[in-house]
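A look at the structure
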Amino acid sequence: MELCQVQLEATTTSATIYLVGMLTNDAALRTELLVESLDDTTHTVRLDLRGVEIIDPNAFVLVARALNRWRDCRRGRVSIQFPERSTRPRRAAIRLVDQPMTIATAVSAAMSCPMNTSPG
C-alpha cells in the first residue's frame, strides 16, 4: 500500500516537487533523490506540500536538509508551499483525576511585616 506520492515537474531552470499523502521517511528519501538528480541549469526548486495530510517531523527535517544542501551548493532558490491549517477541532488535553495541577502561583519568601528588633 502506497502512503505517499512524490512527483517532479521541471523546466530548464526550475522544478516543482509535489508530495501527496503522508510525508514519511519513504517520501523524504524519494524527495532527496529527486533533488540530487536535478540538472545544473535548475535555479529554483519549489516543494508543494498542499496534498500532504500528515507530516512526520523527522521526515520533514530530512527534506529540509536536502533542500538546504541543494540551495547551498547551487546557490539556488527554494520555496515550500505548506498545506492549509487543519480545520479539525483540537482535543482538550487529558488530565487525570489524581494528577496535581502544574500551574502554580509564585510565593514571596520575604516577610510581609518587618521584624521588631527593639527590646521590650
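Placed above this text is the structure.
Residues numbered from 1 in each chain as written. Predicted model: local features only at pLDDT ≥ 70, side-chain atom pairs only at ≥ 80, totals over all residues. Heavy atoms only, no water.

Considering the overall build of the protein chain
Applied cut-off: The secondary structure listing takes helices from DSSP runs of H or I that are at least 4 residues long and strands from runs of E that are at least 2 residues long, numbered from the N terminus. When accessible area is computed with a 1.4 Å probe and restricted to protein chains, residues below 20% of their type maximum are described as buried, those above 50% as exposed, and intermediate ones as partly exposed. Residue contacts follow a heavy-atom distance rule, with two residues in contact if any of their heavy atoms lie within 4.5 Å. For the accessible areas, the method is Shrake-Rupley and the probe is 1.4 Å, while residue cover comes only from the protein chains on display.
For the protein chain, the helix and strand inventory stands at two helices and four strands. Counting from the amino terminus, helix and strand elements in the protein chain follow one another as β-β-α-β-α-β. Residue burial in the protein chain is summarised as follows: out of 120 residues, 22% are buried. Across the protein chain, contacts joining residues at least 24 apart in sequence account for 67% of those joining residues at least 6 apart. For the protein chain, the exposed surface amounts to about 9700 Å²; the carbon and sulfur share of it is 54%.

Quick look at a nonpolar patch on the surface
Under the convention used in this document: Patch membership requires more than 30% relative accessible area and the absence of a salt bridge. Residues of like charge join within 9 Å; the nonpolar side chains Val, Leu, Ile, Met, Phe, Trp and Tyr join within 5 Å. We define a salt bridge as a side-chain nitrogen of Lys or Arg found within 4 Å of a carboxyl oxygen belonging to Asp or Glu.
Together, I55, I80 and F82 line one region of the surface with nonpolar side chains, adding up to about 230 Å² of accessible area. Secondary-structure assignment places I55 in strand β3 (residues 44–55).

Looking at helix α1 (residues 25–36)
Test applied: Multiply 1.5 Å by the residue count of a helix minus one, and that product is the helix's expected span. Regarding the arc, it is the one traced by the directions from the helix axis to the C-beta atoms.
In this model, α1 (12 residues) spans 16 Å end to end at C-alpha, consistent with the 16 Å of a helix rising 1.5 Å per residue. If you check which residues of α1 are buried, you get A27, A28, T31, E32 and V35. Angular distribution of buried residues about the axis of α1 spans 140°; they occupy a single face of the element. Turned more than 90 degrees off the buried face of α1, the exposed positions are L33 and E36. Against the buried residues of α1 lie β1 (4–10), β2 (14–23), β3 and α2 (57–74).

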